[in-house]
Amino acid sequence: MLSHQSEKMSLMLTAKNHSIPLSDGNRIPIIGLGTYGDPRTTPKGTARECVKLAIDVGYRQFDGALVYFNEHEVGQAIREKITDGTVRREDIFYCGKLWSTFHPPELVRPALERTLKTLQLDYVDLYIIELPMAFKPGDEFFPKDKNGKCIYHETDLCATWEALEACKDAGLTKSLGVSNFNQRQLELILNKSGLKHRPVSNQVECHPYFTQPKLLEFCRQNDIVVVGYSPLGTSRDASWVNLKCPPLLEDEVLVSIGKKYNKSPAQVALRFNIQRGVVVIPKSFNPQRITKNFQIFDFSLTDDEMKLMEGLNKNIRFVELLMWSDHPEYPFHDDY
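Here the structure is a predicted model, which is why all the values come from computation and not from measurement.

This part covers the overall build of the protein. Counting its secondary structure elements, the protein contains 11 helices and 10 strands. The globule rule puts the C-alpha radius of gyration for 336 residues at 20 Å, and the 19 Å found for the protein is close to it. For the C-alpha atoms alone, the extent of the protein along its principal axes is close to 55 × 50 × 40 Å. Looking at the 336 residues of the protein, the share that counts as buried comes to 56%. Relative to all contacts within the protein whose residues are 6 or more apart in sequence, the contacts with residues 24 or more apart total 76%. With the model as given, the accessible surface of the protein reaches about 14900 Å², and the carbon-plus-sulfur share is 51%. Each charge class in the protein can be summarised by its mean position, and for the 41 positive and 43 negative side chains these summaries are 4 Å apart.

Rendered as structure tokens:
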């Protein structure tokens, strides 16, 4: 169910002032730009131009990762907009991610320092464990054996977390979080003896067809902000997307609510999540969509419309990560 606090907070958000509190005293903008683009098909310079446009539009959060292979462009765009006086560094919220080949504690800080060097920034605002599954350390981000199967590594999430805590203490990141963690994996960190810094966020798939009610409630109870990736569904790439899930943005409920407010189904889907207190990070390298996705602060959904949209939940993921489903820490076996 929607918490009254989240609803009240969402109604106070504006294009100019749309950040919400994190449990460590920092704040996170409730909408950000996802910056993933297939490096094989995305033209060079695309991420840089789109991040600069997004800053001009009003975005202040950018979600990136070392394995996106474009952090240098994202960092360059942020630095250029700081240099031209559009924003200050403290206005920008950058989320970086620890990839699965860097889980051993001694590799955590070097991985974060590599991201900082690539971005040419002194710190990130949030650094998260991208997946609760460790892969074999080394130069390959996706290590495979001779049969093409991913080579896993023993996972010790608590040891990895302690190394992340040291990074926060050293000032390399302002906040710490996780991604794709289920309740059991979150509890592993929360119940760790000697826990110094709690995870402030959990980035997971979240949209009207996959509303995550159980996980959302658990996170609320533990003061963990849910950051929703694929908030508009995903591309229809059969290599990693579950095509059994119908295209979200063609849903009749989203279309009809959109007509009432003169908004697109995408804008309605994003508004739905921010009214639940869920941070959204829609990915787009299309200038028109980047602009439109941000235009969600000039209308609000009624309680009845929110209930109607909650009823769309099909409990089906677009992003199943089935290629790693035999990993001992594969997160989607457990009931959220």
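Taken as a whole and assessed by the stated rule, the structure comprises 13 aromatic pairs. Consider the rings of Trp-99 and Trp-324, whose centres lie 6.3 Å apart with planes at 65 degrees: the pair is edge-to-face. Here Trp-324 lies in the segment after helix H11 (303-310) and Trp-99 lies in the loop between strand S5 (93-98) and helix H4 (105-119), a separation of 225 residues in the sequence. Classification of Trp-99 by relative accessible area gives buried; the value is 4%. With a relative accessible area of 8%, Trp-324 lands in the buried category. Taken together through their ring pairs, the aromatic side chains of Trp-99, Phe-135, Phe-142, Tyr-152 and Trp-324 make up a single cluster. Across from the ring centre of Tyr-123, 4.0 Å away, lies the NZ or CZ of Arg-89, which sits over that ring. Stacked on the ring of Tyr-123, the Lys or Arg Lys-174 has its end atom at 4.5 Å from the ring centre.

For Leu-131, the location among the structural elements is in the loop between strand S6 (124-129) and helix H5 (157-169). Leu-131 sits 33 residues away from Leu-98 along the chain, and the two C-alpha atoms are 8.2 Å apart.

Turning next to the UniProt feature "active site" (unreviewed entry) in the protein. Per the UniProt record, the feature "active site" (unreviewed entry) sits at Tyr-68. Within the secondary structure layout, Tyr-68 lies in the loop between strand S4 (61-63) and helix H3 (71-83). In contact with Tyr-68, not counting residues within four places along its chain, are Thr-35, Tyr-36, Gly-37, Asp-63, Lys-97 and Glu-130.

In this structure, Phe-62 and Met-309 are the most contacted members of the largest nonpolar core, which totals 102 residues. For this core, the leading source of residues is helix H9 (residues 265-275), giving six residues. Look past the residues within four positions of Met-309 in its chain and what remains in contact with it is Pro-208, Val-253, Leu-254, Ile-257, Val-268, Ala-269, Phe-272 and Leu-301.

To continue, consider the sheet that holds strand S7 (residues 173-179). Within the open sheet, the eight strands sit side by side as S3-S4-S5-S6-S7-S8-S9-S10. Their pairing is parallel. Two strands bound the open sheet, and with one partner strand each, they are strand S3 (32-34) and strand S10 (279-280).

Here we take up the pattern of salt bridges. What the rule picks out here adds up to 18 salt bridges. In this structure, Arg-48 engages Glu-80 in a salt bridge whose closest nitrogen and oxygen atoms are separated by 3.1 Å. Taken together, the positions of Arg-48 in helix H2 (residues 46-57) and Glu-80 in helix H3 put the pair 32 residues apart, joining distant regions of the chain. In this structure Arg-48 comes out as partly exposed when scored by relative accessible area, which is 23%. What makes Glu-80 partly exposed here is its relative accessible area of 22%. Between Glu-90 and Arg-88 there is a salt bridge whose closest N-O contact spans 3.6 Å. The structure contains a network of salt bridges with shared partners spanning Arg-48, Glu-49, Lys-52 and Glu-80.

Among the five residues that make up strand S8 (residues 201-205), five are buried, leaving the element largely enclosed by the rest of the structure. Here S7 runs beside S8; their pairing, made up of two bridges, is parallel. The residue of S8 that forms the bridge with Ser-179 is Gln-203. Of the crossover connections in this fold, the one passing from S7 over helix H6 (residues 183-190) to the parallel S8 is right-handed. Of the pairings in the sheet, the one linking S8 to strand S9 (residues 225-229) comprises five bridges and is parallel in character. Looking across to S9, one finds that Ser-201 is bridged to Val-225. Viewed along the sheet, the connection from S8 through helix H7 (residues 213-221) into S9 turns out right-handed.

What follows is about the packing of H6 against H7. Look at H6 against H7: their axes get within 11 Å of each other, and the N-to-C directions meet at 15 degrees. Between H6 and H7, the angle is such that the two are roughly parallel. For the pair H6 and H7, the crossing hand works out as right-handed. For the pair H6 and H7, the contacting residues are Gln-183, Leu-186, Glu-187 and Leu-190 in the first and Leu-215, Phe-218 and Cys-219 in the second. Residue classes in the contact of H6 with H7 are distributed as five nonpolar, one polar and one charged.

The rules behind each value
Chains are numbered independently. Their residues run from 1 in the order of the written sequence. Side-chain atom pairs in this predicted model are given and counted only at pLDDT of 80 or more, local residue features only at pLDDT of at least 70, and totals for whole chains, interfaces and linings cover all residues. With hydrogens and water stripped out, all remaining heavy atoms of the structure feed into the side-chain values. Where helices and strands are cited, they refer to DSSP runs of H or I of at least four residues and of E of at least two residues respectively, numbered from the N terminus. Computation of the radius of gyration draws on C-alpha atoms, with the globule rule given as 2.2 Å multiplied by the number of residues to the power 0.38. Think of it in three bands: residues with accessible area under 20% of the maximum for their type are buried, residues over 50% are exposed, and the middle band is partly exposed, with areas taken using a 1.4 Å probe on protein chains only. Residues are treated as being in contact if the distance between any of their heavy atoms lies within 4.5 Å. The protein chains shown are the only cover counted for residues, whose accessible areas, like all others here, come from Shrake-Rupley with a 1.4 Å probe. We score Asp and Glu as negative and Lys and Arg as positive, and we do not count His or the chain ends. Where a charge lies is defined by one atom per residue type: Lys uses NZ, Arg uses CZ, Asp uses CG and Glu uses CD. Side-chain rings of Phe, Tyr and Trp, where Trp is taken by its six-membered ring, are said to pair if the distance between their centres is within 6.5 Å; with planes under 30 degrees apart they count as stacked, over 60 as edge-to-face, and otherwise as tilted. Counted as over-ring charges are cases with an Arg CZ or a Lys NZ within 6 Å of the ring centre that also lie within 35 degrees of the ring normal. UniProt positions are given in the numbering used here, feature names are shortened, and annotations may be inferred rather than shown by experiment. Joining through side-chain atoms within 4.5 Å is the link that ties buried Ala, Val, Leu, Ile, Met, Phe, Trp, Tyr and Cys residues into a set, and such a set is a nonpolar core. Strands are labelled as partners when DSSP assigns at least two bridges between them. We define a salt bridge as a contact between a side-chain nitrogen of Lys or Arg and a carboxyl oxygen of Asp or Glu at a distance within 4 Å. Note on handedness: a crossover is taken as right-handed if, strands pointing away from the viewer, the path from the first strand over the helix to the second is clockwise. Inter-axis angles, ranging from 0 to 180 degrees, are taken between N-to-C directions of lines fitted to C-alpha atoms, where helices are fitted over the stretch in contact. Note on terminology: angles under 35 degrees are roughly parallel, angles over 145 are roughly antiparallel, angles of 65 to 115 are roughly perpendicular, and the others are oblique. Handedness of a helix crossing follows the sense of rotation of the near helix relative to the far helix, less than a right angle counterclockwise being left-handed and clockwise being right-handed. Think of it as three bins: nonpolar holds Ala, Val, Leu, Ile, Met, Phe, Trp, Tyr, Cys and Pro, charged holds Asp, Glu, Lys and Arg, and polar takes everything else, Gly as well.

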